[in-house]
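This is what each chain is made of:
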Amino acid sequence: KGFLTSASGEMTYILDTKKENNLIIHIAESLPENLNEPFKAEVKGRPLTEANHTATHLLHQALREVLGTHVEQRGSKVDFDGLRFDFSHFQKVTDEELQAVERKVNERILQQIALKEHRSISMKEAMEAGAMALFGEKYGDKVRMIEFADSKELCGGTHVKNTSDIWYFKIISEGAVASGIRRVEAITREKVKEYFFNLEAQHEKLSVLLKSKDLVKSTEKLQEENAQLKAEVEALKKEKAKGEVQNWKNQFVQSGDKQLLVKKTSLDAASVKDIVFQLKKEIAASVIVILSNAGEKPMITVGVSDDLDGKYHAGNIVKELAKEIQGGGGGNPGFATAGGKNLAGLENAEQKAKGL
């Protein structure tokens, strides 16, 4: 990638360069005005690409050392933004393994290993020297071997002159891309510096918010306080539900062969469910319809006591009522729930339940 500058000063941005049938092809969005002029070709962004490409070689080597020699490259993408490396492995790479891989790569960066380039050697010589041929690649009789100490690969790409030029290697993600194929994404050089600067900025912001430099201790304290508050809220909900049970018992009305309760509430779904199951047991021949607006979301809960012997089906009732709140749901003959989108529809659902 880079620029072609003509003698007249016109610049053409080159998106990519490829070699096809022994011709060098420069890919651009538009052609220069005069193709017969002399041009100056200037490559841009190569140092980052070199660092990322060399890092894939060191990464490949480290993965084989940490995970096993079954690891083989199954694809890669290298540019100035970062690197992507696909490899054969049949389970998730653990955090500890990733840390070990990252550590090994950075150790080789610190060792300042110089590049040894074998530009045109026979395939046999390269194999005897221990070079790794990449999956899916086709090689001729003469090959180019890139060597950084024990890392030896057949490669036609651009590389740093010394591993220290990579500066630092940081893995940012690992995951599966296909059965038996994992993918590591990583960054080097300036991109790592940006990564660390962003982390530092986030650290400072959190320090201000938490009023502490010890983020771990402060976060643990917040988690403890949050857990305690949740427990207190749950206890209050249960206490409120206990009070509601007796109140709701007094609101049943005789309707034909059953005791009927149709009631609106702002209690949460879990509390409503607990109360409905309790009332089903304690109130004989009962049908219970609870319409809740907890969290500004409409919800309908229907309970039918077991002693009604299937005369009423909670699932069928809730499906009918759910139409009023533009929702759906279901359940069994004894208990069913439905959620919806139309909070105002609870009024119609209440009238419909009484009418049913």
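In this text the structure is predicted, and so the values were computed from the model without any measurement.

Trainee: What is the right way to look at the overall build of the chain in this model?
Mentor: Along the backbone of the chain there are 8 helices and 17 strands. Taken over the C-alpha trace, the chain has a radius of gyration of 34 Å; the compact-globule value for 356 residues is 21 Å, which it surpasses by more than 25%. Seen along its three principal axes, the alpha-carbon backbone of the chain occupies a region of about 95 × 50 × 45 Å. A fraction of 55% describes how many contacts in the chain between residues 6 or more apart in sequence connect residues 24 or more apart. Carbon together with sulfur atoms contributes 50% to the accessible area of the chain, which is approximately 21200 Å² in total. Averaging the coordinates of the 52 positive side-chain charges in the chain and doing the same for the 53 negative ones gives two points 2 Å apart.

Trainee: I'm lost on the side chain of Arg 108 in this one. Help?
Mentor: If you trace the backbone, Arg 108 turns up in helix α2 (residues 95-110). Arg 108 gets classed as buried once you look at its relative accessible area, which sits at 15%. Once residues within four sequence positions are removed from consideration, Arg 108 is found in contact with Leu 58, Gln 61, Ala 62, Glu 65, Ile 113 and Thr 163.

Trainee: I would appreciate a short explanation of unusual backbone geometry in the present structure.
Mentor: Glycine aside, the phi torsion of most residues is negative, and most peptide linkages are trans. Even without a glycine there, the phi angle at Lys 211 is positive, about 55°. With respect to the helices and strands, the residue Lys 211 is situated in the loop between α4 (189-210) and α5 (215-249). By relative accessible area, Lys 211 is classed as exposed at 78%. The phi torsion at Gln 326 lies on the positive side, around 55°, for a residue other than glycine. Looking at where Gln 326 falls in the secondary structure, it is placed in the loop between α7 (314-322) and β16 (328-331). A relative accessible area of 53% places Gln 326 in the exposed class.

Trainee: Please clarify how the packing of aromatic side chains should be interpreted in this entry.
Mentor: Aromatic ring pairs are described here by two measures, namely the spacing of the ring centres and the angle between the planes. Applying the stated criterion across every chain yields a total of 6 aromatic pairs. Ring centres of Phe 3 and Tyr 13 lie 5.5 Å apart, and the angle between their planes is 50°; on these two criteria the pair is classed as tilted. Of the two residues, Phe 3 is situated in strand β1 (residues 2-6) and Tyr 13 in strand β2 (residues 11-20); the sequence distance between them amounts to 10 residues. Note on Phe 3: relative accessible area 25%, which makes it partly exposed. Residue class for Tyr 13 comes out partly exposed when judged on its relative accessible area of 41%. Arranged with centres 4.8 Å apart and planes meeting at 35°, the rings of Phe 277 and Phe 335 form a pair that is tilted.

Trainee: I'm lost on the sheet that holds strand β8 (residues 142-148) in this one. Help?
Mentor: Here 3 strands make up an open sheet; going across it, the order is β7-β8-β9 and the pairing antiparallel. The sheet is open, and its two edges are formed by β7 (116-122) and β9 (151-154), each paired on a single side. Going across the sheet, the axis of each strand differs from the next one's by a mean of 25°, ignoring polarity. Direction of pairing for β8 relative to β9: antiparallel, over a ladder of 4 bridges. The partner of Met 145 across the bridge, within β9, is Leu 154. Across the sheet, helix α1 (residues 46-67) is in contact with β8 and β9; its angle to β9 comes to roughly 115°.

Trainee: Is there a simple way to explain the pairing of β2 in this structure?
Mentor: Consecutive side chains along a regular strand alternate between the two faces of the sheet. As judged from the 4 bridges shared by β1 and β2, these two strands associate in the antiparallel manner. Bridge pairing in β2 links Phe 3 to Tyr 13. Counted along the chain from β1 to the antiparallel partner β2, the turn is 4 residues long, and its residue Gly 9 has a positive phi close to 100°. With 6 bridges connecting them, β2 and strand β3 (residues 23-28) associate as antiparallel partners. Within the sheet, the bridge partner assigned to Glu 20 lies in β3 and is Leu 23. Where β2 folds back on β3, the antiparallel hairpin that results is connected by 2 residues, among which Asn 21 adopts a positive phi of roughly 50°.

Trainee: Would you mind going over the packing of α4 against α5 with me for this structure?
Mentor: Each pair of packed helices gets described by two things: the angle between the helix axes and the distance between those axes. Two elements in contact, α4 and α5, have axes separated by 11 Å at closest approach and are oriented at 50°. In terms of orientation, α4 and α5 fall into the oblique class. Handedness of the α4/α5 crossing: left-handed. In this structure, α4 uses His 203, Leu 206, Ser 207 and Leu 210 to contact α5, whose residues at the interface are Leu 215, Ser 218, Thr 219 and Leu 222. Tallied by class, the residues present in the contact of α4 with α5 amount to 4 nonpolar, 4 polar and no charged.

Parameters and conventions
Residues numbered from 1 in each chain as written. Predicted model: local features only at pLDDT ≥ 70, side-chain atom pairs only at ≥ 80, totals over all residues. Heavy atoms only, no water. Helix = DSSP H or I, 4+ residues; strand = E, 2+ residues; numbered from the N terminus. Rg over C-alpha atoms; globule rule 2.2 N^0.38 Å. Contact = heavy atoms within 4.5 Å. Areas by Shrake-Rupley, 256 points an atom, 1.4 Å probe, with all protein chains shown as cover. Lys, Arg positive; Asp, Glu negative; His and termini not counted. Charge placed at Lys NZ, Arg CZ, Asp CG, Glu CD. Buried < 20%, exposed > 50% of the residue type's maximum accessible area, 1.4 Å probe, protein only. Phe/Tyr/Trp six-rings, centres within 6.5 Å; stacked < 30°, edge-to-face > 60°. Pairing = 2+ DSSP bridges. Axes fitted to C-alpha atoms, helices over the stretch in contact; angles between N-to-C directions. Parallel < 35°, antiparallel > 145°, perpendicular 65-115°, else oblique. Left-handed = near helix turned anticlockwise from the far one by under 90°. Nonpolar A, V, L, I, M, F, W, Y, C, P; charged D, E, K, R; others polar.

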